[in-house]
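# Commentary on secondary and tertiary structure
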Amino acid sequence: MLCRQDKHLKSGNITLGGDWLVAIGVRYRNEDGQFIMHDKPWTLDLDNKDEGWRNDLLPPLKTPRYNAALSEVVTTDDPILDEETGEPTGETEEIERVFLIGGRNENGLLASVEALNLTKGVWETDWPGLDGTVPPQGDQQ
Amino acid sequence: MTKRKLTRAVSGQAMRLGLNDWNTVCDTVERVNAVDENTGLLSQNILSTSGEITVRNSLCQTVPSFGVLIAEKALHETMLQDEQLRFALNAGIEIVGKQPSGSPDDILCIVQETAPHRKLVRGIVFGPTCVRVDVTKRTHLYAKVLPGVIDHLQSSDSGPVRLIVPAVRPGVQICYGIIGLEKGDPVFHAKELFPAVAYRREREETQQNGSVKTVVETFVVCPGGRGEESSLKTVHVLNVEGRTMSTDLFGTLPVAMNNFDAVMADNGYGQPLMVCSPGEVDEGIRYPVQRYDFEQEQWSKADTNQSLAGCPAYLKDEKIIVAGGQSAYDVSNPVKLGISGTTQFYGHHVTPFWSIDPISGALETRTPRRQITCGTTEQAECHVVNQEKRFLKQNFKGIPFSRSSNGQSVEFLAVGGTELLGYQSKAVVSYTVDSIGAYVDCENNENRILNKCELFPDTPLPLGECCAVRTST
């Protein structure tokens, strides 16, 4: 896992060490009455609240949505794969994720599931959706 | 219903009957056979597949044939409707009928003959039956119960009775229907407005060499929600290690519900219990607290009269705390709060926090009702009270906090939230409840007692219907 000083890096390869609030999957109505989707997660460092909220630490969602469900942080021991063969090495690494599930966007209801991998600072889009289907592989951000 | 048009063939024409055309013919023959050619009603052959009971009309009014009665009380100790029905059919007991309440728990019974006061008649509780329906729209495929109405059902987009022959005209008429084919959930669903709860368990797995290995399974459990047209009972379960999604692992909600929160608690015996706060239901006036006991593998529910739709929930001191939002802050109708001399004060009663006992499912108010004074005229203008706007928001995300820093403590953070009284919240409001149960909004504490909580920065933009999580490493 990367250390706290890495949190100021731009999206794609950061982790949120320490104590954070992360807000994901939202929309609001602007002054013109139009609904605006937030595609980037907002983060607040609870150990340094004066820094305020920012949306440049975590990568944007592939499918912005609202009325979705967000799990708490789920920790698993994932098998480490060999970089060349893709086969399990027999070792595991602890991974923390939050799952963003279902919801709605301008096209209607969603069945897809995306996971924010907090350990690696990436969105994973290859999880099975509520309809049981898995998106094509290699589609991760 | 999609209408299918079959093309007539002429003599000598080569024909090839497709699957869909053949099935259409089968459906048509089935419907024709279902109707008795002498009476025009459903034939006895079809009715033999129905669930028939004997029901005694306990009402003073006469129920017309194919009218509606409801089983008066629970027939069995179980709260689940289908189990009660099976018990009644197997036992062949006499059931007392009463007026429908409109609750999803109503056990619908269509009487098969005119039922005067205290008369014992035949009634159908599931399967095909004739039923009197007030057709308000010919495209309706279902019929629903109207509270207090015994003469007829009303046509609808959903309901406990599936109409099997389209109505030819509007108004009250006898239709052919099937009880128990309520529009259910497809096996898989896109959905919104549901919670996601993490559940972790260990099981022992025997290896090929005979050794026993402890396997950890992590699930993200997603009960209920709202589909395109209605609330859902489906419980979607993501197996994180297995990377699979299923809908049959932890049963289905007893009552379809959406826009609620769920929390993992203890069932009193050290085992996990998922508690779902009362949210929105499609029909009826009761809002159940629904619980799933992972040890017993069983759902149960406890009805309440309070919807807490849009209100986040969290666990504190072995109780489920539900923070008021959309329905708990019912600010649609200002009420007269009091009179001082000749001045009348208007405002709202709100209950900021509710409490659910996970063992019993009972819902209680955790804090006394708070009076928000909006004005002194009958045109009370609540929305000008800026600080109260911070307080009155809905569909926000609640983050249990429970930390103390610099001598200040916070129990709960409210992040995001959509407009209530025309307001969209950028505020992150920290809440705490002091020892005597009074509610404290840190930035709006009249006594300026700021040593009980700490302040958090507002978001640069409103976050709307927000999903938020606290990550601590």
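Heads up: the structure comes first, above all this text.
Report on the accompanying structure. (Residues numbered from 1 in each chain as written. Chains lettered and ligands numbered in written order. Predicted model: local features only at pLDDT ≥ 70, side-chain atom pairs only at ≥ 80, totals over all residues.)

### Section: the sheet that holds strand β19 (residues 313-316) of chain B
Residue and element names in this part refer to chain B.
- Strand order across the open sheet formed by four strands is β19-β20-β23-β24, with antiparallel pairing between neighbours. The open sheet has two edge strands with one neighbour each: β19 and β24 (363-365). Strand-to-strand, the axes of this sheet are offset by a mean angle of 30 degrees, without reference to chain direction.
- Across four bridges, the pairing between β19 and strand β20 (residues 319-323) is antiparallel. Along β20, the bridge assignment pairs Ala313 with Val322. (Pairing = 2+ DSSP bridges. Helix = DSSP H or I, 4+ residues; strand = E, 2+ residues; numbered from the N terminus. Axes fitted to C-alpha atoms, helices over the stretch in contact; angles between N-to-C directions.)

### Comments concerning the interface of chain A and chain B
- Contact residues are listed per partner, giving 47 residues for chain A and 44 residues for chain B.
- Of all elements in the fold, only β1 (19-24), β2 (26-29), β5 (69-70), β6 (74-81) and β7 (88-101) of chain A reach the threshold of two or more residues within the side of chain A that touches chain B.
- Considering every element that reaches the side of chain A that touches chain B, the biggest residue donor is β1(A), with six residues.
- Split into classes, the residues belonging to the side of chain A that touches chain B amount to 28 nonpolar, 12 polar and seven charged.
- Bridge count for β1(A) against strand β30 (residues 467-472) of chain B is six bridges, and the pairing is antiparallel. Its bridge partner lying in β30(B), A:Val22 is registered against B:Val469. (Contact = placed C-beta atoms within 7 Å. Nonpolar A, V, L, I, M, F, W, Y, C, P; charged D, E, K, R; others polar.)

### Things to note about the sheet that holds β1(A)
- Taken together, the three strands give an open sheet; going across it, the order is β4(A)-β1(A)-β30(B), and neighbouring strands pair in antiparallel fashion. At either margin of the open sheet sits one strand with a lone partner, and together these are β4 (42-45) of chain A together with β30 of chain B. Going across the sheet, the axis of each strand differs from the next one's by a mean of 20 degrees, ignoring polarity.

### Notes on the pairing of strand β5 (residues 120-135) of chain B
All names here are of chain B.
- With 12 of 16 residues buried, β5 lies mostly within the body of the structure.
- As paired elements, strand β1 (residues 51-57) and β5 share six bridges and run antiparallel to each other. Bridged to Gly51 within β5 is Phe126.
- In this structure, strand β4 (residues 108-111) lies alongside β5, joined through two bridges in antiparallel fashion. When the sheet's bridge partners are listed, Val111 is paired in β5 with Gly123.
- Relative to strand β7 (residues 153-156), β5 runs parallel, the two sharing two bridges. Looking across to β7, one finds that Asp134 is bridged to Gln154. (Buried ≥ 20, exposed ≤ 12 C-beta atoms within 10 Å, placed from the backbone.)

### Focus on unusual backbone geometry
Residues and elements named next belong to chain B.
- One non-glycine residue, Glu297, adopts positive backbone phi at about 55 degrees.
- One can find Glu297 in the loop between β17 (287-293) and β18 (298-304).
- Assessed through the 10 C-beta atoms surrounding it within 10 Å, Glu297 is described here as exposed.
- Unlike most non-glycine residues, Glu318 shows phi in positive territory, near 65 degrees.
- Tracing the backbone shows Glu318 in the loop between β19 and β20.
- For Glu318, a count of 11 C-beta atoms within 10 Å translates into the label exposed.

That is the geometry; function is a separate question.
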